[in-house]
Amino acid sequence: MKTLSVTGHRPQDLWGFDHSHPSYQQLRVAIDGLLSQSYDRDFRTFVAGGAQGVDTIFAEAALALRDEFPDVKVLLAVPFIGQEGRWPEAAQERYKKQLKAADSIYVVNDEKYVTFAEMEDAEPEPLPYHKVVQAMFLRNEWMVDNSDALLAVWNGKQDGGTYHCLNYALKWGKSVVRYNPLDGAITRLKSEPSEEKK
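Just so you know, these numbers come straight off a predicted model, no measurement behind them. (Residues numbered from 1 in each chain as written. Predicted model: local features only at pLDDT ≥ 70, side-chain atom pairs only at ≥ 80, totals over all residues. Heavy atoms only, no water.)

**Student:** Tell me what's going on with the packing of helix 5 (residues 129-145) against helix 6 (residues 160-171), and back it up with residues and numbers.
**Tutor:** Where helix 5 meets helix 6, the axes come as close as 10 Å, and the angle between the chain directions of the two elements is 30°. As judged from the angle between their axes, helix 5 and helix 6 are roughly parallel. Considering the relative orientation of helix 5 and helix 6, their crossing is right-handed. Across the interface between the two elements, F137, N140, E141, V144 and D145 from helix 5 touch G160, G161, H164, C165, Y168 and A169 from helix 6. Along the lines of polarity and charge, the residues of the contact of helix 5 with helix 6 split into five nonpolar, four polar and two charged. (Axes fitted to C-alpha atoms, helices over the stretch in contact; angles between N-to-C directions. Helix = DSSP H or I, 4+ residues; strand = E, 2+ residues; numbered from the N terminus. Parallel < 35°, antiparallel > 145°, perpendicular 65-115°, else oblique. Left-handed = near helix turned anticlockwise from the far one by under 90°. Contact = heavy atoms within 4.5 Å. Nonpolar A, V, L, I, M, F, W, Y, C, P; charged D, E, K, R; others polar.)

Here it is in structure tokens:
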């Protein structure tokens, strides 16, 4: 059995925070299709990073796939407890719903698996900005290290967490499928994006 993780942009680098935007619906349909194809190729564990945007849509799609196929496992790999503290209330509720439904939760900053109840009871310590960024990059690397393949929802921007994560996956020889949110194209990346022809 194989594992697929995801990397992708936050709402501000996609279509904003209104998830009724038609492009979010198109993205969900594409992710549903890619997860279904992955299931047919022996992928049974799906890992999301718990962030707003792509991670949220991927996790919800994976949970829906699990409803259809009970042998599917959904893992949330979160950078640190309390990452949602400054999110809009609706995003926090969506996140808690995913945490509660996930088969397992791994807190990368603490290097341990936790239960939803432990997440709820935890008193998160405020992290300085540089530690937040570091934890997010470490979360991305942990997901790649613990996966066979990566789905990258990437708009071509050559900086930030999504770009770093897909380059890290390619560096370590992982299979990377890219969904381009600008045009809906799905391609397989074979070398680092900076080396891809534009």
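**Student:** For the pairing of strand 4 (residues 104-107), give the residues involved together with the corresponding values.
**Tutor:** The side chains of a regular strand alternate between both faces of the sheet. Note: strand 3 (residues 73-78) against strand 4, four bridges, orientation parallel. Residue V78 lies in a different strand from strand 4, and its bridge partner there is V107. One crossover worth recording links strand 3 to the parallel strand 4 by way of helix 3 (residues 89-101), and it is right-handed. For strand 4 and strand 5 (residues 112-114), the ladder comprises three bridges, and the chain directions are antiparallel. By the bridge assignment for strand 5, V107 is matched with K112. (Pairing = 2+ DSSP bridges. Right-handed = clockwise from strand over helix to strand, strands pointing away.)

**Student:** Quick one: what's the story with the packing of helix 1 (residues 22-40) against helix 2 (residues 54-68), residue by residue and with numbers?
**Tutor:** Running from N to C, helix 1 and helix 2 cross one another at 50°; their axes reach a closest spacing of 9 Å. Regarding the angle of helix 1 to helix 2, the classification is oblique. At the point where helix 1 passes helix 2, the crossing takes the right-handed sense. For the pair formed by helix 1 and helix 2, the contact residues are Y24, L27, R28, I31, D32, L35 and Y39 on the first element and V54, I57, F58, E60, A61, A62, A64 and L65 on the second. Residue composition of the contact of helix 1 with helix 2, grouped by class: twelve nonpolar, no polar and three charged.

**Student:** Before we move on, can you summarise the packing of aromatic side chains with the specific residues and values?
**Tutor:** Here the structure, examined in full by the defined rule, presents eight aromatic pairs. Seen in terms of ring centroids, W154 and Y163 are 5.9 Å apart; in terms of plane orientation they differ by 25°. Their pairing is stacked. Of the two residues, W154 and Y163, both sit in the buried class. Each residue in the set Y106, Y113 and W142 is aromatic and connected to the rest through ring pairs, giving one cluster. (Phe/Tyr/Trp six-rings, centres within 6.5 Å; stacked < 30°, edge-to-face > 60°. Buried < 20%, exposed > 50% of the residue type's maximum accessible area, 1.4 Å probe, protein only.)

**Student:** Could you give an account of a negative patch on the surface, naming the residues involved and the relevant values?
**Tutor:** Taken together, E118, E120, D121 and E123 make up a surface patch of like negative charges. Note on D121: relative accessible area 63%, which makes it exposed. (Patch = residues over 30% accessible without salt bridge, like charges linked within 9 Å, V, L, I, M, F, W, Y side chains within 5 Å. Areas by Shrake-Rupley, 256 points an atom, 1.4 Å probe, with all protein chains shown as cover. Salt bridge = Lys/Arg side-chain N within 4 Å of Asp/Glu carboxyl O. Lys, Arg positive; Asp, Glu negative; His and termini not counted. Charge placed at Lys NZ, Arg CZ, Asp CG, Glu CD.)

**Student:** Now, about a positive patch on the surface: what can you tell me, with residues and values included?
**Tutor:** On the surface, K2, R41, R188 and K190 cluster together into a positively charged patch. Within the secondary structure layout, K2 lies in strand 1 (residues 2-8).

**Student:** So what's going on with the pairing of strand 1? Which residues, and what values?
**Tutor:** In terms of burial, strand 1 is largely enclosed, as six of its seven residues are buried. Sheet topology places strand 1 next to strand 2 (residues 43-48); four bridges connect them, and they run parallel. Bridge pairing in strand 2 places L4 opposite F46. Regarding the hand of the β-α-β motif, the stretch spanning strand 1, helix 1 and strand 2 is right-handed. Relative to strand 6 (residues 149-153), strand 1 runs parallel, the two sharing five bridges. Paired with L4 across the bridge in strand 6 is A149.

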